[in-house]
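Now for the letters of each chain:
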Amino acid sequence: MPRFWPKRCAASATKALSALSSIEAGAIMGLPPASASRMPPPQGPELAAVPFWFLRHGETDWNTLNLAQGVTDVKLNAAGLAQARLAAERLRGRGIRTLVSSPLSRARDTAELVSQHIGVPVQIDPKLRECAFGEREGQPMSEWFDAWVRGESTPAGAESFSDLKRRAAVAVGNALQLPGPVLIIAHGALFRAVRALMGMPPNVRTPNALPYLCRPPTGSDRPWTLMPAT
């Protein structure tokens with residue numbers, strides 16, 4: 001396999017974390033700010049208390065422009081392919097036994113590169129596809145997106161955030177019934193729904209192609225934690 005490792009791609013995950021404020025970094029890790037009270041337990045669908053790996057797909061040109069991709073099948077760019085190869089290296093030796101991916105090409109191509117490195121075949125679950133954003137697909141992710149996450153409004157032709165949470169709970173639950181450890185490769189908005197199910201602040205941007213080990217809570221009043229593989 002060709003090994004394409006631009007410097008900016010090899011360091012992308014580290015830069016993404018170091019550029020965050022302490023509050024943002026804490027939100028990614030599932031930790032509330034020191035000044036904030038602990039979040040209440042999630043309402044509605046819940047996740048099985050089983051650890052798993054999650055990987056958002058590599059970068060696309062639409063990512064660089066902050067455009068809502070939704071179910072539009074935008075492919076990885078050169079940087080995204082390099083990010084996927086780096087993620088694959090970071091996942092080698094983790095004991096992953098099952099790899100489940102979204103069918104959209106940006107996730108599926110990321111999964112195929114990881115599969116080649118860790119020797120685990122790719123399984124496709126359509127329920128892991130990204131949220132459809134209807135009339136907002138291809139538009140900048142601005143105030144409308146924040147309102148959508150809060151459940152205040154849903155664009156015409158789009159899936160609501162509450163419906164996305166229900167679908168994400170089913171998709172992750174199905175994956176966690178397979179031999180573990182399980183690696184799920186999917187999308188940013190879908191992982192916002194997963195974060196909400198985990199009892200964490202949902203509207204946090206997940207870096208492209210940075211693997212996270214998702215660990216269930218140790219007590220009923222605590223959220224899940226996310227440990228990046230670096």
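Nothing here was measured: the structure is a model prediction, and the numbers come from that model.

Draft legend 1. Summary view of the UniProt feature "binding site: substrate" (unreviewed entry) in the protein chain. UniProt records the feature "binding site: substrate" (unreviewed entry) at Arg56, His57, Gly58, Glu59, Thr60, Asp61, Trp62, Asn63 and Arg106, using the numbering of this structure. Topologically, Asp61 is positioned in helix H4 (residues 61–64). Look at Asp61 and you get partly exposed, because its relative accessible area is 45%. With residues near it in sequence (within four places) discarded, Trp62 still touches Leu67, Ala68, Gln69, Thr72, Val74 and Gly138.

Draft legend 2. Summary view of the environment of Ile96. Of note, Ile96 is situated in the loop between helix H5 (78–91) and strand E2 (98–101). The exposure class of Ile96 is buried, given its relative accessible area of 9%. Distance from Ile96 to Val182, taken between C-alpha atoms, is 5.9 Å for residues 86 residues apart in sequence. Discounting chain neighbours no more than four positions away, the residues touching Ile96 are Trp53, Leu91, Ile118, Val120, Pro181 and Leu183.

Draft legend 3. Here's a closer look at the pattern of salt bridges. The full count for this structure, using the stated rule, is 4 salt bridges. For the salt bridge of Glu152 with Arg150, the shortest nitrogen-to-oxygen distance reads 2.9 Å. With respect to class, Glu152 is no different from Arg150; both count as exposed. Between Asp163 and Arg166 there is a salt bridge; the shortest N-O distance is 2.3 Å. Residue Asp163 and its partner Arg166 are located together in helix H8 (residues 161–175), separated by 3 residues, close to a single helical turn.

Draft legend 4. Region of interest: the packing of aromatic side chains. Per the counting criterion, the structure on display carries 8 aromatic pairs. Arranged with centres 4.1 Å apart and planes meeting at 15°, the rings of Phe54 and Phe191 form a pair that is stacked. Of this pair, Phe54 sits in strand E1 (residues 52–56) while Phe191 is found in helix H9 (residues 188–197), placing the two residues 137 residues apart along the sequence. The two residues Phe54 and Phe191 agree in class, both being buried. Residues Phe133 and Trp144 carry aromatic rings whose centres are separated by 5.6 Å and whose planes lie at 75° to one another, so their mutual orientation is edge-to-face. One end of the pair, Phe133, is in the loop between strand E3 (122–124) and helix H7 (143–149); the other, Trp144, is in helix H7, with 11 residues separating them in the sequence. Assessed through its relative accessible area of 2%, Phe133 is described here as buried. Through a chain of ring-to-ring contacts, the aromatic side chains of Phe133, Trp144, Phe145, Trp148 and Phe161 assemble into a single cluster.

Cut-off values and rules
- Residues numbered from 1 in each chain as written.
- Predicted model: local features only at pLDDT ≥ 70, side-chain atom pairs only at ≥ 80, totals over all residues.
- Heavy atoms only, no water.
- UniProt positions renumbered as here; feature names shortened; annotations may be inferred.
- Helix = DSSP H or I, 4+ residues; strand = E, 2+ residues; numbered from the N terminus.
- Buried < 20%, exposed > 50% of the residue type's maximum accessible area, 1.4 Å probe, protein only.
- Contact = heavy atoms within 4.5 Å.
- Salt bridge = Lys/Arg side-chain N within 4 Å of Asp/Glu carboxyl O.
- Phe/Tyr/Trp six-rings, centres within 6.5 Å; stacked < 30°, edge-to-face > 60°.

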